[in-house]
Amino acid sequence: MSPRALNRATLARQLLLERADLTVPEAVRRVVALQAQHPASPYVALWNRVARFDPADLDAALADRAVVKASLLRIALHLVHAEDYETVHTAMQPSLRAARLHDPRFAVSGISIDEAHALVPYLLAYAAGPRTGAELEAWVDARVPETPRGAWWALRTFAPLRHVPTGGPWSFGTSASYVAAGTDALPRVTTAFDDALPALVRRYLEGFGPASVADVSQVAMIPRARVRAAVKTLGDTVDRFAGPDGAELLDVPGAPRPDEDVPAPPRLLGMWDETLLAYADRSRVVPPDVRPLVTRSNGDVLPTVLVDGYVVGVWRPVAEGVEVTTYRSVPDDAWPALEAEARSLVAFLAGRDPAPFARYGHWWAKLPAGDVRTIGAA
């Protein structure tokens, strides 16, 4: 595949070539996972992907647990379809545990890894109904003799706990609440992880393919050797072909692979949009010269402007509409469509929070000069 054909395949899987007429749970299933570190991000992501998206529909899907929020891919908060949660969480267990139980912040708790594991079934029983983070931390405090916060910090990430909606404007606030995703203790047998990993690889390819072993390894934070073993298990149920650099790409048969000349409409993606993060080689959507501008030194990924399928700059709401700063040339005929997107975004945000990412505004003072325009005035 050429680089441009790879770009179009990614946009098709992520519903960014055309807004889809899907329910919210169906859309989340299609794209596999939506980054949810910031509560507004999945709402903006679905506004970009779903025709006539009503944020109340995501509120309802979260309240009904048709869509769930938990620590999953890249040890970060994501929304996934409820039916995908068990597969993703089980396959991610080695990464989730290692990221926490081998961290100095857990070591200060004074308990062993085995003792942390032993707490899990009792923690889940206590969280059979919704519990605030403060309640769960106090529960752990009473059972850990030394510095308890290290234990809760680890448990809240790798234990099967879902986040419970706490209210508007984006369903989740700064103080988290949790509920047990199930009543069983975590699987302790390695084969449980290995059984789930091929299913995760396949789901990843459905939403983000074609992709390489390195891409899957990066998004799941799983060693490449384990990914290769999972791919071997999938056998001839996946397609294999050469990518732009000659490296092997994997894909599911019959998945969309549009022609590279298919038009890609402009989009205004929210912070940490998963399309920008789900690959080891992110140049399929983010040009290398633009990536250090939109991905900041601490990992923050700013709201981005897509033109012809590629990131050309960043955006932020301002009093007059949407301010876009571009670092690549934007054709004159792209601006009317960007203007329409900006007007729609302003109207969408006005109903909830006109400036949802305002706390990250300090990054704009550190950006280099670009072509700055304000578009989308009401």
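Rules used in this analysis
- Residues numbered from 1 in each chain as written.
- Predicted model: local features only at pLDDT ≥ 70, side-chain atom pairs only at ≥ 80, totals over all residues.
- Heavy atoms only, no water.
- Helix = DSSP H or I, 4+ residues; strand = E, 2+ residues; numbered from the N terminus.
- Rg over C-alpha atoms; globule rule 2.2 N^0.38 Å.
- Buried < 20%, exposed > 50% of the residue type's maximum accessible area, 1.4 Å probe, protein only.
- Lys, Arg positive; Asp, Glu negative; His and termini not counted.
- Charge placed at Lys NZ, Arg CZ, Asp CG, Glu CD.
- Phe/Tyr/Trp six-rings, centres within 6.5 Å; stacked < 30°, edge-to-face > 60°.
- Lys NZ or Arg CZ within 6 Å of the ring centre and 35° of its normal.
- Expected span 1.5 Å × (residues − 1).
- Bend = angle between axes of the 7 residues up to and from the residue.
- Core = buried A, V, L, I, M, F, W, Y, C linked by side-chain atoms within 4.5 Å.
- Contact = heavy atoms within 4.5 Å.
- Pairing = 2+ DSSP bridges.

**A few points about the overall build of the protein chain**
Part 1 of the reasoning: When you go through the protein chain residue by residue, the secondary structure sums to 14 helices and 13 strands.
Part 2 of the reasoning: A compact globule built from 378 residues should have a C-alpha radius of gyration of about 21 Å, and the protein chain, at 21 Å, falls within 12% of that.
Part 3 of the reasoning: Judged by the C-alpha coordinates and their principal axes, the protein chain covers about 65 × 50 × 35 Å.
Part 4 of the reasoning: With 378 residues in all, the protein chain has 55% of them scored as buried.
Part 5 of the reasoning: Of the charged side chains in the protein chain, 40 are positive and 44 negative; the average position of the first set lies 3 Å away from that of the second.

**Remarks on the packing of aromatic side chains**
Two aromatic rings are characterised by how far apart their centres lie and by the angle between their planes.
Part 1 of the reasoning: Inspection of every chain in the model, using the stated rule, returns 11 aromatic pairs.
Part 2 of the reasoning: Ring centres of W315 and F357 lie 6.3 Å apart, and the angle between their planes is 65°; this geometry places the pair in the edge-to-face category. One end of the pair, W315, is in strand β11 (residues 310-318); the other, F357, is in the loop between α14 (335-350) and β13 (371-375), and 42 residues separate them in sequence. Judged on exposure class, the residue W315 and its partner F357 are both buried.
Part 3 of the reasoning: Members of the aromatic cluster, joined through ring pairs, are Y43, W47, F53, W170 and F348.
Part 4 of the reasoning: The ring of Y85 has R162 lying over it, and the distance from NZ or CZ to the ring centre is 5.0 Å.

**Some remarks on helix α5 (residues 82-101)**
Part 1 of the reasoning: For α5, with 20 residues, the first-to-last C-alpha span of 26 Å sits near the 28 Å given by 1.5 Å per residue.
Part 2 of the reasoning: Q93 marks the point of greatest bend in α5, at about 55°, and the proline P94 comes within the next four residues.

**Topic: unusual backbone geometry**
Part 1 of the reasoning: Of the consecutive residues G168 and P169, the connecting peptide bond is found in the cis state with omega at 5°.
Part 2 of the reasoning: When you line up the elements, P169 lands in the loop between β5 (161-163) and β6 (177-180).
Part 3 of the reasoning: Here G209 and P210 are connected by a cis peptide whose omega angle stands at -5°.
Part 4 of the reasoning: Here P210 shows up in the loop between α10 (190-208) and α11 (213-220).
Part 5 of the reasoning: Residue L15 is not a glycine yet carries a positive backbone phi of 60°.
Part 6 of the reasoning: As for its position among the elements, L15 is in the loop between α1 (3-13) and α2 (24-31).
Part 7 of the reasoning: For L15, a relative accessible area of 3% puts it in the buried group.

**With respect to the nonpolar core**
Part 1 of the reasoning: Membership of the largest hydrophobic core comes to 65 residues, with the highest contact counts inside it found for L46, F53 and L268.
Part 2 of the reasoning: Element by element, the count of residues in this core is highest for α14, at 6 residues.
Part 3 of the reasoning: Core analysis: the next-biggest nonpolar cluster, separate from the first, contains 59 residues, M92, Y178, A180 and L197 among them.

**Here's the deal with the environment of A342**
Part 1 of the reasoning: Note that A342 resides in helix α14.
Part 2 of the reasoning: In this structure the C-alpha to C-alpha distance between A342 and A377, which are 35 residues apart in sequence, comes to 7.9 Å.
Part 3 of the reasoning: Ignoring sequence-local partners within four residues, the contact set of A342 consists of L268, V322, I375 and G376.

**Section: the pairing of strand β12 (residues 321-326)**
Part 1 of the reasoning: Counting buried positions along β12 gives 6 out of 6 residues, so the element sits mostly inside the fold.
Part 2 of the reasoning: Strand direction decides the pairing type here: β11 and β12, joined by 6 bridges, are antiparallel. Paired with P317 across the strands is V322, a residue of β12.
Part 3 of the reasoning: Between the end of β11 and the start of β12, which pair antiparallel, lie 2 residues.
Part 4 of the reasoning: Examined bridge by bridge, β12 and β13 share 5 bridges and lie antiparallel to one another. Its bridge partner being in β13, V322 is matched across the sheet by I375.

**Describing the side chain of T326**
Part 1 of the reasoning: Looking at the element boundaries, T326 is found in strand β12.
Part 2 of the reasoning: For T326, the residues in contact, after removing those within four places along its chain, are V312, G313, W335, G370 and D371.

**Comments concerning the pairing of strand β3 (residues 77-81)**
Part 1 of the reasoning: Here β3 lies mainly inside the structure; 5 of its 5 residues are buried.
Part 2 of the reasoning: Both faces of β3 are covered, namely the face carrying L77, L79 and H81 and the face carrying H78 and V80.
Part 3 of the reasoning: Pairing analysis gives 2 bridges linking strand β1 (residues 34-35) to β3, with the strands arranged antiparallel. Its bridge partner being in β3, Q35 is matched across the sheet by H78.
Part 4 of the reasoning: As consecutive antiparallel partners, strand β2 (residues 67-71) and β3 are separated by 5 residues, and within that stretch R74 has a phi angle of approximately 55°, a positive value.

Take it as geometry only, folks, not as evidence of what the structure does.
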